[in-house]
Structure formats: structure tokens, C-alpha cells
Amino acid sequence: MTLDGHTLNDAEIRQLAIRLDRPVVLVGMMGVGKSTVGRKLATLLDLPFVDADDEIAEAAQLTIPEIFERFGEPYFRDGERRVIARLLEGGPSVIATGGGAFAQDDTRAMILERGLAVWLDSDVPTLIDRTSRKDNRPLLKGGEPRKILAELKAKRDPLYALAPVHVISGRGPHGDTVTLILGALAGCL
Ligand code: S3P
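Residues numbered from 1 in each chain as written. Predicted model: local features only at pLDDT ≥ 70, side-chain atom pairs only at ≥ 80, totals over all residues. Heavy atoms only, no water.

Caption draft 1: The packing of aromatic side chains, seen in detail. The full count for this structure, using the stated rule, is 3 aromatic pairs. Centre to centre, the rings of F68 and F76 are 4.8 Å apart; their planes meet at 40°, and the pair counts as tilted. For F76, a relative accessible area of 4% gives the class buried. (Phe/Tyr/Trp six-rings, centres within 6.5 Å; stacked < 30°, edge-to-face > 60°. Buried < 20%, exposed > 50% of the residue type's maximum accessible area, 1.4 Å probe, protein only.)

Below you can see the structure in the form of C-alpha cells.
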């Protein structure tokens, strides 16, 4: 269901895809489900899906934790900005970004100019649950994940709020979030 209670049918989803003239860029904290939701959204819209973190890892031939460990966060952010700049040039698609990308001024400005940013938002307990299932997030290694996630979210939320679309990614199935995004996109295109 969408926010106004209307679920888009197949024809409406096709129309929406036709109206999209830029990439849909999913932004938001680690653990909101950007990659899973993004893949499902792209399938429904029949658009390519790209995960910016996967592209960064592929370009560097290293995992994200290895990049952080060997070269540090500023180096990662630089690669992230360049990779996202390239992905934004690729025509309509769905792009999942890493949680910190939209908090970087240059990267955020590019996304706002050339993409359609969708902020996926979950509460801290949900983020804790979802991030605890994997051990691949360097920023959660330096202390208590609960505290780190709460602090990062408080710092980043005012920046994520600059995205024109805001969708809550609840504890339910990711498919529900996809439905909400489709409705929100239909309302703003
Ligand atoms: C980061 C989030 C990660 C990844 C990197 C930094 C962040 O992506 O880009 O570990 O700063 O929040 P996910 O949001 O996909 O976990």
C-alpha cells in the first residue's frame, strides 16, 4: 500500500518507469535495507540495479573493510564520490548508496542534482537488529554498535532529510517498503 492507500498496478508501474528520466538513488543509514529494497524496486521498474559499495569494491579489487583498513575513510569517500558520479551518468536506474555517501557534501550535491534521492529510514532498534547479522561494517567496529548507530543517525538525519522523498523502512518485509517507494515516486513525478 502507498501512503494514500493506493497500490500501483502493473500498468501504473510501467508508466512510472517511463516518466523516470534519472536514477532513483536510495540513501539512508546502514541497515535500512537499501540494497535488498533497491534490487526489488529495480526489478519491478524493469531498470538496472547498481550497488555503489559493490562498484567501489570492484574498482579497488578490495572489500569495503579492507579499503577502510588499508587506506582510511577519506580515501574511501573519495572513491565513493567518483563511483557515484559515474553511476549518475548512466541513465535511469536504481542506485543503492552506502550509508555515509549522502552525508558527504559533494556527493549529496551531485545526487540531488542528477538523481531522485529517496531516504529510507528505520528506527535505531531496527538498524541494530539488521546490522548485527553481518560483520562487514568498519564504522561499527570501533565501539558499541548501538551507540555508534544512534549517534550517526542523529548527525545524519538532517542531511538525509534533504532528499525529496522520505519512506519509512519498517520491520516488515522489504516488499512493503518497495510498495511505499513506488507510491511516493508516483506522487512526485
Ligand atoms: C557506511 C555504510 C556502508 C559502507 C561503509 C560506510 C557508512 O554501507 O558504505 O561501511 O558510513 O554508513 P551500507 O549503508 O550499505 O552498510
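Caption draft 2: A look at the sheet that holds strand β1 (residues 24–27). Within the open sheet, the 5 strands sit side by side as β2-β3-β1-β4-β5. Their pairing is parallel. Only two strands of the sheet have a single neighbouring strand rather than two, namely β2 (49–51) and β5 (165–168). Between one strand and the next, the sheet's axes are offset by a mean angle of 25°, whatever the strand orientation. Across 4 bridges, β1 lies against strand β4 (residues 116–121) in parallel orientation. (Pairing = 2+ DSSP bridges. Helix = DSSP H or I, 4+ residues; strand = E, 2+ residues; numbered from the N terminus. Axes fitted to C-alpha atoms, helices over the stretch in contact; angles between N-to-C directions.)

Caption draft 3: Fine view of the pairing of β5. Of the two faces of β5, the one lined by V165 and V167 is fully buried and the one lined by H166 and I168 carries no buried residue. Direction of pairing for β4 relative to β5: parallel, over a ladder of 4 bridges. Considered in β5, the bridge of W119 is made with H166.

Caption draft 4: A look at the packing of helix α1 (residues 10–19) against helix α9 (residues 174–188). The geometry of α1 relative to α9 is characterised by a closest axis approach of 10 Å and an angle of 55° between their N-to-C directions. Considered as vectors, α1 and α9 are oriented oblique to each other. In this structure, the crossing between α1 and α9 has a hand that is left-handed. Together, I13, L16 and R19 of α1 and L182, L185 and A186 of α9 make up the contact between the two elements. For the contact of α1 with α9, the per-class residue count stands at 5 nonpolar, no polar and 1 charged. (Parallel < 35°, antiparallel > 145°, perpendicular 65-115°, else oblique. Left-handed = near helix turned anticlockwise from the far one by under 90°. Contact = heavy atoms within 4.5 Å. Nonpolar A, V, L, I, M, F, W, Y, C, P; charged D, E, K, R; others polar.)

Caption draft 5: Fine view of the nonpolar core. Counting 56 residues, the largest nonpolar core has L26, L41, L45, V118 and I181 as the members making the most contacts within it. Those residues in contact with L45 that sit more than four places away from it in its chain are I13, L16, A17, L20, V94 and L182. (Core = buried A, V, L, I, M, F, W, Y, C linked by side-chain atoms within 4.5 Å.)

Caption draft 6: Geometry of the site of the ligand. Residues in contact with the ligand amount to 13 residues; listed here are only the nearest, K34, D53, R77, R137 and R156. For the ligand, an oxygen atom lies 2.8 Å from a polar atom in the side chain of D53. At 2.8 Å from an oxygen atom of the ligand is found a main-chain nitrogen or oxygen belonging to G99. Within the complex, 92% of the 390 Å² of free accessible area of the ligand lies under protein. Its residues assigned to classes, the shell around the ligand comprises 5 nonpolar, 3 polar and 5 charged. (Near = heavy atom within 4 Å. Polar contact = N/O pair within 3.5 Å; in protein donor to acceptor, adjacent residues only side chain to side chain. Areas by Shrake-Rupley, 256 points an atom, 1.4 Å probe, with all protein chains shown as cover.)

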